[in-house]
Structures are given as structure tokens and as C-alpha cells.
Amino acid sequence: MNTMISQFIDQTEAAILRFSVSLLKEIELKIIKKQMISQHQAMKYAKQQIDLFVKQMHFRQALIAVYRSELYIYISKKLDLVFEKYRVFKCV
């Protein structure tokens, strides 16, 4: 990670940032390649990946809930922009 940023955040925060950016890029690529065709599919995949990531970090249960929630909110908001950009199908 950029030396300047690493001076201000710890390793856990850096790992969370790397994970969220890579997950967003991965989902966007899957949408471009038509491996994911609906918003529901992308959100379900994101939720599964977030759960796996948070569990492997070995935090206390309360902290797991907070990180899971914050990551899901962040990823959801960023994916809304991706969905709009690529006009991803939305199940109602």
C-alpha cells in the first residue's frame, strides 16, 4: 500500500481497504463478462465474500458484526454506481 497512507492506518484497515477495492473490481469484471447478470446475483456474491473475509480475520464476535455491516454498506453503495453504469438487471 502507498507509504503515505500506511502511515495513518493499521494493517487491519489496510487489509479491509484492499479487500473492498478488489471485491468491487472483481464484481465489475464479472458483470462486464456477463458472468453476473443481475443485481441480486452480485449482492449475494458480495455478501458471501464479505462473510468469508470477516471470518478469516479472527475478530471478536461484536467486531465481526460491525465490520461485516460496514463493508456491506460500503460495497452496496459502490455497486449501485456499477449497476447504473452497466445497466444491470434488477429483480423486483
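Scroll up a little and you will see the structure.
The paragraphs below set out a description of the structure included in this document. Each chain carries its own residue numbering, running from 1 in the written order of its sequence. pLDDT decides what is reported in this predicted model: residues at 70 or higher carry local features, side-chain atom pairs at 80 or more are listed and counted, and totals for whole chains, interfaces and linings draw on all residues regardless. The side-chain numbers reported here are obtained from all heavy atoms of the structure, hydrogens and water having been left aside.

Turning our attention to the packing of aromatic side chains. Aromatic rings in a pair are described by how distant their centres are and how their planes are angled relative to each other. Between 30 and 60 degrees the pair is tilted, below 30 it is stacked and above 60 it is edge-to-face, where a pair is any two Phe, Tyr or Trp rings, Trp via its six-membered ring, whose centres lie within 6.5 Å. Scanning all chains against the criterion turns up two aromatic pairs. Ring plane angle 5° and centroid distance 4.1 Å describe the contact between Phe19 and Phe53, whose orientation is recorded as stacked. Separated by 34 residues along the polypeptide, Phe19 in helix α2 (residues 11-32) and Phe53 in helix α3 (residues 39-56) bring together distant segments of the chain. Note that Lys30 overlies the ring of Tyr45, its terminal NZ or CZ placed 5.3 Å from the centroid. Secondary structure elements are taken from DSSP: a helix is a run of H or I of four residues or more, a strand is a run of E of two residues or more, and numbering for both begins at the N terminus. Charge-over-ring contacts are defined here by two conditions on Lys NZ or Arg CZ: a distance within 6 Å of the ring centre and an angle within 35 degrees of the ring normal.

What follows covers unusual backbone geometry. Among all residues save glycine, negative phi is the norm, and among peptide bonds the norm is trans. A positive phi angle is found at Lys34, which is not glycine, with a value near 65°. When a residue's accessible area, from a 1.4 Å probe over protein chains only, is under 20% of the maximum for its type it is buried; when over 50% it is exposed; and in between it is partly exposed. The class for Lys34 is exposed, based on a relative accessible area of 63%. Residue Arg87 is not a glycine yet carries a positive backbone phi of 50°.

The next point concerns the packing of α3 against helix α4 (residues 61-86). For helices, the axis comes from a line fit to the C-alpha atoms of the stretch in contact; other axes are also lines fit to C-alpha atoms, and the angle between any two N-to-C directions lies between 0 and 180 degrees. As a packed pair, α3 and α4 sit with axes 10 Å apart at the nearest point and diverge in direction by 150°. When the interaxial angle is binned, α3 and α4 end up roughly antiparallel. Pair α3 / α4 crosses with right-handed handedness. Facing Gln39, Ala42, Met43, Ala46, Lys47, Ile50, Asp51, Phe53, Val54 and Lys55 of α3, the residues of α4 in contact are Ile64, Tyr67, Arg68, Leu71, Tyr72, Ile75, Ser76, Leu79 and Phe83. Polar here means any residue other than Ala, Val, Leu, Ile, Met, Phe, Trp, Tyr, Cys and Pro, which are nonpolar, and Asp, Glu, Lys and Arg, which are charged; Gly is therefore polar. Here the residues of the contact of α3 with α4 are counted per class, giving 13 nonpolar, two polar and four charged. An angle counts as roughly parallel when it lies under 35 degrees, as roughly antiparallel when it exceeds 145, as roughly perpendicular when it falls between 65 and 115, and as oblique in every other case. When the near helix sits turned anticlockwise from the far one by under a right angle, the crossing is termed left-handed; a clockwise turn instead gives a right-handed crossing. Two residues qualify as a contact provided that any one of their heavy atoms is within 4.5 Å of a heavy atom in the partner residue.

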